[in-house]
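Descriptive analysis of the structure
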Amino acid sequence: ATTEIYTLSLHDALPISEGDWLALSVSVQLALLTTVILIVICTPLAWWLARRRLPGQALLEAVLALPLVLPPSVLGFYLLIGLGPNGPGGWLANVVEQRSLAFTFTGLVVGSVVYSLPFVLQPLKNAFSAIDSKQLDMAAVTGAGPRDRFLSLVLPQCREGYVSAAILGFAHTLGEFGVVLMIGGSLSGQTRVASVALYEHVEAGDYVSAHRLAAVLLGLSLLLLWGLFRWQRGRSGPGAMP
C-alpha cells in the first residue's frame, strides 16, 4: 500500500478536485495582488535604500530582510496577534469594516506583503544601485524633472530587476505555507490556499489528491522560474543560448 502512493499513473497524478482548483485560484489571486502591492511599495523604498546612506540604515535593512531567515511560524504568530481585534492592525480592520483581519483574505494579503517583501525589495534595490548617478545628473542639468528621469532613464535600465522582483514575489507568495496557515486558517474560497490544501490532504492520508495538487504547484513554480532564467539569458547578449 505504501509503494502504491509513489507509483501513481500519470493520469491519476494530474487532475485535481474542484475544491483544490478553488484553493489554487485563491493562491493565484493572493500572489497577484501581493506582487502588485509590493511593486508599488518597494519602488520608492528600494530607490531610497539604494541612493541614500543614513545612520541606522543597516538596522532598517536588517528588519526588512527578516522574513528571509525568520521561521514562518514566528512571523505568522506575531502577524496573528497584530492583525487581531486588539492588535495594532485593528485600525485597518475598522477601515475595511471588519472586526479582525485574522482569518480573512485581507489579512492574508497583509501577511503576504510582509512575508514576501524582501523578495521584491532586494532585486529592485540591486537594479537601482547599478544606475550611474552621472546619467541622472546630466539629465537634471538638461531640465528633466525627477519623474522624467525615472521614467526615461531608470525604468528602462531596471526592467530586468522589475521582472525578477515580480516573478520572485509571485512565486514566493504562491508557495507560502506557515504564515498563511497561522493568520488565515482554512476557509474554503477565502483563506484556504493551495499549500494549506496540500497539507490537509497529507494529514488526512489522501496521497492521491496530494500528488495531484503538488504536481500542479511544482509545474507552475518550475514554469515561472524557467521563464525568468530564459528571459535573463536572452537579455545577456546575442550569443546567449536559449
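Just so it is clear, the model here is predicted, and its values are computed rather than measured.

This brings us to the overall build of the protein chain. Along its length, the protein chain carries 13 helices and 0 strands. For the protein chain, long-range pairs separated by at least 24 residues make up 73% of all intrachain contacts whose partners lie at least 6 apart in sequence. Of the roughly 13,400 Å² of accessible surface on the protein chain, a fraction of 66% belongs to carbon and sulfur atoms.

Below, the discussion takes up the confidence of the model for the protein chain. For the protein chain, per-residue confidence averages 84 on the pLDDT scale, and residues scoring 70 or more make up 86% of the total. Within the model, the stretch residues 6-11 combines pLDDT values under 50 with 4 contacts to residues more than four positions away or in other chains. Below pLDDT 50 for its whole length, residues 238-242 participates in 3 contacts with residues either more than four positions away or in separate chains.

The next point concerns the packing of aromatic side chains. Scanning all chains against the criterion turns up 6 aromatic pairs. Between the aromatic rings of Trp47 and Phe128, the centroid separation amounts to 5.3 Å while the plane-to-plane angle is 80°, which identifies the pairing as edge-to-face. A residue pair is termed long-range when its members are at least 10 positions apart, and Trp47 in helix H3 (residues 18-51) and Phe128 in helix H7 (residues 105-129) qualify at 81 residues. Judged by relative accessible area, which is 0%, Phe128 ranks as buried. What links up through ring pairs into an aromatic cluster is the set Trp47, Phe128, Phe150 and Tyr162. We note Arg51 situated over the ring of Trp47; from NZ or CZ to the ring centre the distance is 5.1 Å.

With that out of the way, let us pick up the nonpolar core. In terms of nonpolar packing, the biggest core is built from 34 residues, with Cys42, Val120, Leu121, Leu124, Phe128, Cys158 and Val193 touching the most fellow members. Looking at this core, the elements with two or more residues in it are H3, helix H5 (72-83), H7, helix H10 (159-175) and helix H11 (178-184). Counting residues per element, this core draws most heavily on H7, which supplies 10 residues. Every residue in contact with Phe128, bar those within four places of it in the chain, is listed here: Thr43, Ala46, Trp47, Ala50, Arg51, Phe150, Val154, Cys158 and Tyr162. In terms of nonpolar packing, the next biggest core, distinct from the first, is built from 7 residues, Leu24, Ala197, Leu213 and Leu217 among them.

Bringing the layout of surface pockets into the picture now. By volume, the largest pocket amounts to about 250 Å³. Lining the largest pocket, in full, are Thr43, Pro44, Trp47, Arg51, Arg52, Ser133, Leu136, Asp137, Pro146, Arg149, Phe150 and Val154. Secondary structure elements with two or more residues in the lining of the largest pocket: H3, helix H8 (133-141) and helix H9 (146-157). Looking at the lining of the largest pocket residue by residue, the classes come out as 6 nonpolar, 2 polar and 4 charged.

A word on the pattern of salt bridges. All told, the structure shown has 3 salt bridges when counted by the stated rule. Arg192 is the salt-bridge partner of Asp20, the closest N and O atoms lying 3.9 Å from each other. Residue Asp20 is found in helix H3, and its partner Arg192 is found in the loop between H11 and helix H12 (194-203); the two are separated by 172 residues along the sequence. Linking Glu200 and Arg192 is a salt bridge whose minimum nitrogen-to-oxygen distance equals 2.9 Å.

This brings us to a nonpolar patch on the surface. Nonpolar side chains collect at one region of the surface, where Leu59, Val63, Leu66, Leu68 and Val69 lie side by side and expose about 480 Å² of accessible area between them. Tracing the sequence through the fold places Leu59 in helix H4 (residues 57-64).

One can find Arg149 in helix H9. Along the sequence, Arg149 and Leu136 sit 13 residues apart, while their C-alpha atoms lie 6.6 Å from each other. With residues up to four places along the chain from it excluded, the contact list for Arg149 reads Leu136, Ala139, Ala140, Ala144 and Val154.

In this section: the packing of H3 against H10. Contact pair H3 / H10: the axes reach a minimum separation of 8 Å and the direction vectors enclose 140°. On the basis of their axis angle, the class for H3 and H10 is oblique. Crossing angle aside, the handedness with which H3 passes H10 is right-handed. Contacts between H3 and H10 involve Ser27, Val28, Leu30, Ala31, Leu32, Thr34, Thr35, Ile39 and Thr43 from the first element and Tyr162, Ala165, Ala166, Gly169, Phe170, Thr173 and Leu174 from the second. In terms of residue class, the contact of H3 with H10 is made up of 10 nonpolar, 6 polar and no charged.

Rules of the game
- Residues numbered from 1 in each chain as written.
- Predicted model: local features only at pLDDT ≥ 70, side-chain atom pairs only at ≥ 80, totals over all residues.
- Heavy atoms only, no water.
- Helix = DSSP H or I, 4+ residues; strand = E, 2+ residues; numbered from the N terminus.
- Contact = heavy atoms within 4.5 Å.
- Areas by Shrake-Rupley, 256 points an atom, 1.4 Å probe, with all protein chains shown as cover.
- pLDDT = per-residue confidence, 0-100.
- Phe/Tyr/Trp six-rings, centres within 6.5 Å; stacked < 30°, edge-to-face > 60°.
- Buried < 20%, exposed > 50% of the residue type's maximum accessible area, 1.4 Å probe, protein only.
- Lys NZ or Arg CZ within 6 Å of the ring centre and 35° of its normal.
- Core = buried A, V, L, I, M, F, W, Y, C linked by side-chain atoms within 4.5 Å.
- 1 Å grid on protein atoms, 1.4 Å probe; cavity = no way out; pocket = protein on both sides within 12 Å on 5 of 7 lines; lining within 4 Å.
- Points joined across faces, edges and corners; volume = space filled by probe spheres on them.
- Nonpolar A, V, L, I, M, F, W, Y, C, P; charged D, E, K, R; others polar.
- Salt bridge = Lys/Arg side-chain N within 4 Å of Asp/Glu carboxyl O.
- Patch = residues over 30% accessible without salt bridge, like charges linked within 9 Å, V, L, I, M, F, W, Y side chains within 5 Å.
- Axes fitted to C-alpha atoms, helices over the stretch in contact; angles between N-to-C directions.
- Parallel < 35°, antiparallel > 145°, perpendicular 65-115°, else oblique.
- Left-handed = near helix turned anticlockwise from the far one by under 90°.

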